[in-house]
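Results of the structural survey
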There are 4 protein chains.
Amino acid sequence: MREARDLHSLMERVGAFADDRDWGKFHDPKNLAMALASEVGELLAIFRWVDNGDSDSHAMRAEVSPAVRDEIGDVGILFLLLCRRLEIDPADIVLRKLEANGVKYPVEFSTGNPEPPTASA
Amino acid sequence: MREARDLHSLMERVGAFADDRDWGKFHDPKNLAMALASEVGELLAIFRWVDNGDSDSHAMRAEVSPAVRDEIGDVGILFLLLCRRLEIDPADIVLRKLEANGVKYPVEFSTGNPEPPTASA
Amino acid sequence: MREARDLHSLMERVGAFADDRDWGKFHDPKNLAMALASEVGELLAIFRWVDNGDSDSHAMRAEVSPAVRDEIGDVGILFLLLCRRLEIDPADIVLRKLEANGVKYPVEFSTGNPEPPTASA
Amino acid sequence: MREARDLHSLMERVGAFADDRDWGKFHDPKNLAMALASEVGELLAIFRWVDNGDSDSHAMRAEVSPAVRDEIGDVGILFLLLCRRLEIDPADIVLRKLEANGVKYPVEFSTGNPEPPTASA
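Residues numbered from 1 in each chain as written. Chains lettered and ligands numbered in written order. Predicted model: local features only at pLDDT ≥ 70, side-chain atom pairs only at ≥ 80, totals over all residues. Heavy atoms only, no water.

1. Structural notes on a negative patch on the surface
Together, Glu42 and Asp70 of chain A together with Glu42 and Asp70 of chain C give the surface a local cluster of negative charge. Along the polypeptide, glutamate 42 of chain C turns up in helix α2 (residues 29-47). (Patch = residues over 30% accessible without salt bridge, like charges linked within 9 Å, V, L, I, M, F, W, Y side chains within 5 Å. Areas by Shrake-Rupley, 256 points an atom, 1.4 Å probe, with all protein chains shown as cover. Salt bridge = Lys/Arg side-chain N within 4 Å of Asp/Glu carboxyl O. Lys, Arg positive; Asp, Glu negative; His and termini not counted. Charge placed at Lys NZ, Arg CZ, Asp CG, Glu CD. Helix = DSSP H or I, 4+ residues; strand = E, 2+ residues; numbered from the N terminus.)

2. Side note on the relation of the copies chain A and chain B
When chain A is fitted onto chain B, the two copies agree to an RMSD of 0.0 Å after a turn of 180° and an axial shift of 0.0 Å. Within this description, the copies of the chain are treated as partners about a two-fold rotation axis. Considering only C-alpha atoms, the part of chain A nearest the rotation axis is aspartate 6 of chain A, at 2.0 Å. Of all interface residues in chain A, 100% are interface residues in chain B too; the two copies therefore contact each other through one and the same surface. (Least-squares fit on C-alpha atoms with pLDDT ≥ 70 in both. Contact = heavy atoms within 4.5 Å.)

3. Some remarks on the environment of glutamate 63 of chain D
Within the secondary structure layout, glutamate 63 of chain D lies in the loop between α3 (52-60) and α4 (65-85). Only 2.5 Å separates the side chain of glutamate 63 of chain D from the side chain of arginine 61 of chain D, close enough to count as a polar contact. (Polar contact = N/O pair within 3.5 Å; in protein donor to acceptor, adjacent residues only side chain to side chain.)

4. Observations concerning the pattern of salt bridges
Within this structure, the stated rule accounts for 32 salt bridges over all chains. The residue glutamate 12 of chain B makes a salt bridge to arginine 84 of chain B at a minimum N-O spacing of 3.7 Å. Of this pair, glutamate 12 of chain B sits in helix α1 (residues 7-20) while arginine 84 of chain B sits in helix α4 (residues 65-85), and the two are 72 residues apart along the sequence. In this structure glutamate 12 of chain B comes out as partly exposed when scored by relative accessible area, which is 35%. A residue is classified by how much of its surface remains accessible, and arginine 84 of chain B, at 27% relative accessible area, is partly exposed. Between aspartate 22 of chain B and lysine 25 of chain B there is a salt bridge, and its shortest N-O distance comes to 4.0 Å. Taking the relative accessible area as the measure of exposure, lysine 25 of chain B reaches 53% and is therefore exposed. Overlapping salt bridges bring together Glu12, Asp19 and Arg84 of chain A as one network. (Buried < 20%, exposed > 50% of the residue type's maximum accessible area, 1.4 Å probe, protein only.)

5. A word on the relation of the copies chain A and chain C
The transformation that overlays chain A on chain C combines an axial shift of 0.0 Å with a rotation of 180°, and the residual RMSD is 0.0 Å. A share of 100% of interface residues in chain A that are also interface residues in chain C marks the association as one of identical surfaces.

6. Some points on α4 of chain D
Residues and elements named next belong to chain D. Its 21 residues give α4 an end-to-end C-alpha distance of 30 Å, which sits within 8% of 30 Å, the value for a rise of 1.5 Å per residue. Within α4, 15 of the 21 residues are buried, leaving the element largely enclosed by the surrounding structure. A positive phi of about 55° marks glutamate 87, the residue just after α4. (Expected span 1.5 Å × (residues − 1).)

7. Quick look at helix α5 (residues 90-104) of chain B
Residues and elements named next belong to chain B. Helix length check: α5 (15 residues) gives 21 Å between terminal C-alpha atoms against 21 Å at 1.5 Å per residue, within 8%. Among the residues of α5, Pro90, Ala91, Asp92, Ile93, Val94, Leu95, Lys97, Leu98 and Asn101 are the ones counted as buried. Of the residues flanking the start of α5, the one acting as N-cap is aspartate 89, its side-chain oxygen 3.1 Å from the backbone nitrogen of alanine 91.

8. Topic: the interface of chain A and chain C
Of the residues lining the interface, 17 residues belong to chain A; the matching set on chain C comes to 18 residues. Both sides together, the interface formed by chain A and chain C hides about 1500 Å², and carbon and sulfur atoms give 64% of it. The largest contributions to the chain A side of the interface with chain C come from Met34, Arg48 and Trp49 of chain A, which together make up 40% of the buried area. In this structure, the connection of chain A to chain C is made through two salt bridges. At the surface where chain A touches chain C, the tally comes to six residue pairs in polar contact (both at pLDDT 80 or more). Partitioning the side of chain A that touches chain C into residue classes produces nine nonpolar, five polar and three charged. (Buried area = accessible area lost by both parts, 1.4 Å probe. Nonpolar A, V, L, I, M, F, W, Y, C, P; charged D, E, K, R; others polar.)

Shown next, in the form of structure tokens:
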């Protein structure tokens, strides 16, 4: 479990797992998006009745933390499967979106405000 | 945009973007899970009326591809923000989940079958 | 189980169930939206690996149908809880949205096309 | 907009809207579930950065309320389209799920506790 620290190798590792099971025919982008949404739904279930202010400590509870880690692991796997299927470099896509977000949320207008400045105008 | 190829650096990069805007107070795990779900919802919207068999070519269309990349980029960003908030190593969590999935979906029973063998018993 | 055929009575019935358990403090709109999304995630899980053309017959299978009905029942319950919390008449909101959709999707431009005419322009 | 107060007529009204546009071919259960999830994602977007305690007043704000109503209207429409496609009586399914929930969440163990008693054991 040591070598796959960089995103590209990790994506290949996740892809090989699916290929070994001949899952490519199920893994079209529509189905992967749906699978991702169902895993995120399980993550939401963990937090749905917890107050915001308690959600950090809730996530760290010994009975809750393994489920949180499981669901976030699934999110990571499906993110990588989507990137691989669509021939997207996963690091690249994150950095490009971050760059776009930098234009949408300029520091001077967005400090302490999570909505784009145009939305609150 | 070159150096953050490994997941840990990428996570720090994404985290710094949020810290620069003082967004930590909005980024508790409950809110991040919800934000992730809303981005995944936008990804679903792209594919909702498209047949499975057409979803690869749909995703590659010139008018569709930028939106697909945007939403997948957001998924990557929120995955990394969740990992950072919960002090989870993102590569580690993916590899651990993959290992658990290897037990749940043994190659010999899972080839060509996307459901765990116990579920179809 | 006979009398609550109209939507308003059904909403009151669902609300009384929650009130009997003193769940109002958990049922703010944010939490209800999150709970709804988690139930919809379970519905997605049922269909994620099934082809469009097989999804009707899949939903009707004896092993699948009870789960489909459970999740759709939960969606109905959460729809009604959201309406009640926000003092929205559930029949009214559906009819108003339908009216708005009639403007967005005129019959003459929308026949056989699930996207608004402006979106495909 | 007066007559469709009962759920069955409302479902027929929603179904006729889709039939008029020949949308049946897009409305298999897989696609409807996906469309429902994307509308719920838009609802989540409205509440993602708002604290629980502020979410009632947020939903009632003049700039926010129309979007909340739009998304909840879409949830109602998709709930009814799913019921119609799967030949489910919408009032029935809600009442049956409520009955099942009554067993899962007995009043004496569930007052002030949103999780089933077995889950917290």
